[in-house]
Amino acid sequence: MAAAFSPDRKSVARRAGELRARALELAEIELHAYEPVLEALRLAHDDPGRAERVEAAQVTASQSPLAIAGVAAELAGLAAGLARTRNRNLAGDAIAGAVLAEAAAQAAARLVTINLTEGAAVSEATEFALRALKARQEALN
């Protein structure tokens, strides 16, 4: 039975490694993503371009957390899949991975919502958060 699952486990491990690398890239981007928003907010309130600059900066600042939410949702799904195998050697790590990935997806989706309040990116972020939530619930059941 374990041998039958090995190829899938290898592909899951490979994909998780790719997602980990992407998450690290996104974390670096996210470190500075909000700086342009802060710069735009420092403009004088009567500056005619202020509102447009703030909005554009918020859209740009939302790109990295949106991508993080997507990565986290996919990772939560991978972890839930491993947890469903009921392999006692993987269960604890898979459940922990699903819980942590769901938390990352929720936090990242919230950042998108705070920056944009509405629109396609907010809907997409919300969907990623829901997918991660469902995956965590599957992993825990």
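All figures in this text were calculated on a predicted structure; none of them were measured in a lab.

**Some points on the overall build of the chain**
Each helix and strand counted, the chain has five helices and zero strands in total. Relative to the compact-globule value of 14 Å for 141 residues, the chain shows a C-alpha radius of gyration of 18 Å, a clear excess of over 25%. Projected onto its principal axes, the C-alpha coordinates of the chain cover approximately 70 × 25 × 20 Å. Sorting the 141 residues of the chain into buried and exposed places 33% on the buried side. Taking all contacts inside the chain whose residues are at least 6 apart in sequence as the whole, residues at least 24 apart take part in 75%. Split by element, the accessible area of the chain, about 8600 Å² in all, is 57% carbon and sulfur. Within the chain, the 18 negative side-chain charges are centred at a point lying 12 Å from the centre of the 16 positive side-chain charges.

**Comments concerning the nonpolar core**
If you look at the biggest cluster of nonpolar residues, it comprises 30 residues, and the most contacted ones within it are Leu 66, Ala 76, Val 112, Ala 125, Phe 128, Ala 132 and Ala 139. Mapped onto this core, the elements with two or more residues apiece are helix 1 (2-32), helix 3 (50-84), helix 4 (88-116) and helix 5 (120-140). At twelve residues, helix 3 tops the list of elements feeding residues into this core. Once residues lying within four places of it in the same chain are set aside, the contact partners of Leu 66 are Val 112, Ala 121, Glu 124, Ala 125 and Phe 128.

**Structural notes on helix 5**
Between its terminal C-alpha atoms helix 5 stretches 30 Å, which fits the 30 Å expected from 21 residues at 1.5 Å a residue. Of the positions making up helix 5, those classed as buried are Val 122, Ala 125, Phe 128, Ala 129, Ala 132, Ala 135, Arg 136 and Ala 139. Looking down the long axis of helix 5, one finds its buried residues gathered within 150° of arc, a one-sided arrangement. Residues Ala 120 and Lys 134 are exposed on helix 5 and point more than 90 degrees away from its buried face. In this fold, the buried residues of helix 5 make contact with helix 3 and helix 4.

**What to know about the pattern of salt bridges**
Side chains that carry opposite charge are capable of pairing whenever their charged atoms lie near each other. A full pass over the atoms with the stated rule returns five salt bridges. For Glu 74, the salt bridge is made with Arg 15, and the minimal N-O distance between the two is 2.7 Å. Taken together, the positions of Glu 74 in helix 3 and Arg 15 in helix 1 put the pair 59 residues apart, joining distant regions of the chain. Between Arg 84 and Glu 138 there is a salt bridge, and its shortest N-O distance comes to 2.3 Å. On the criterion of sequence distance, the pair formed by Arg 84 in helix 3 and Glu 138 in helix 5 is long-range, its members being 54 residues apart.

About the criteria used
Residues numbered from 1 in each chain as written. Predicted model: local features only at pLDDT ≥ 70, side-chain atom pairs only at ≥ 80, totals over all residues. Heavy atoms only, no water. Helix = DSSP H or I, 4+ residues; strand = E, 2+ residues; numbered from the N terminus. Rg over C-alpha atoms; globule rule 2.2 N^0.38 Å. Buried < 20%, exposed > 50% of the residue type's maximum accessible area, 1.4 Å probe, protein only. Contact = heavy atoms within 4.5 Å. Areas by Shrake-Rupley, 256 points an atom, 1.4 Å probe, with all protein chains shown as cover. Lys, Arg positive; Asp, Glu negative; His and termini not counted. Charge placed at Lys NZ, Arg CZ, Asp CG, Glu CD. Core = buried A, V, L, I, M, F, W, Y, C linked by side-chain atoms within 4.5 Å. Expected span 1.5 Å × (residues − 1). Arc of directions from axis to C-beta. Salt bridge = Lys/Arg side-chain N within 4 Å of Asp/Glu carboxyl O.

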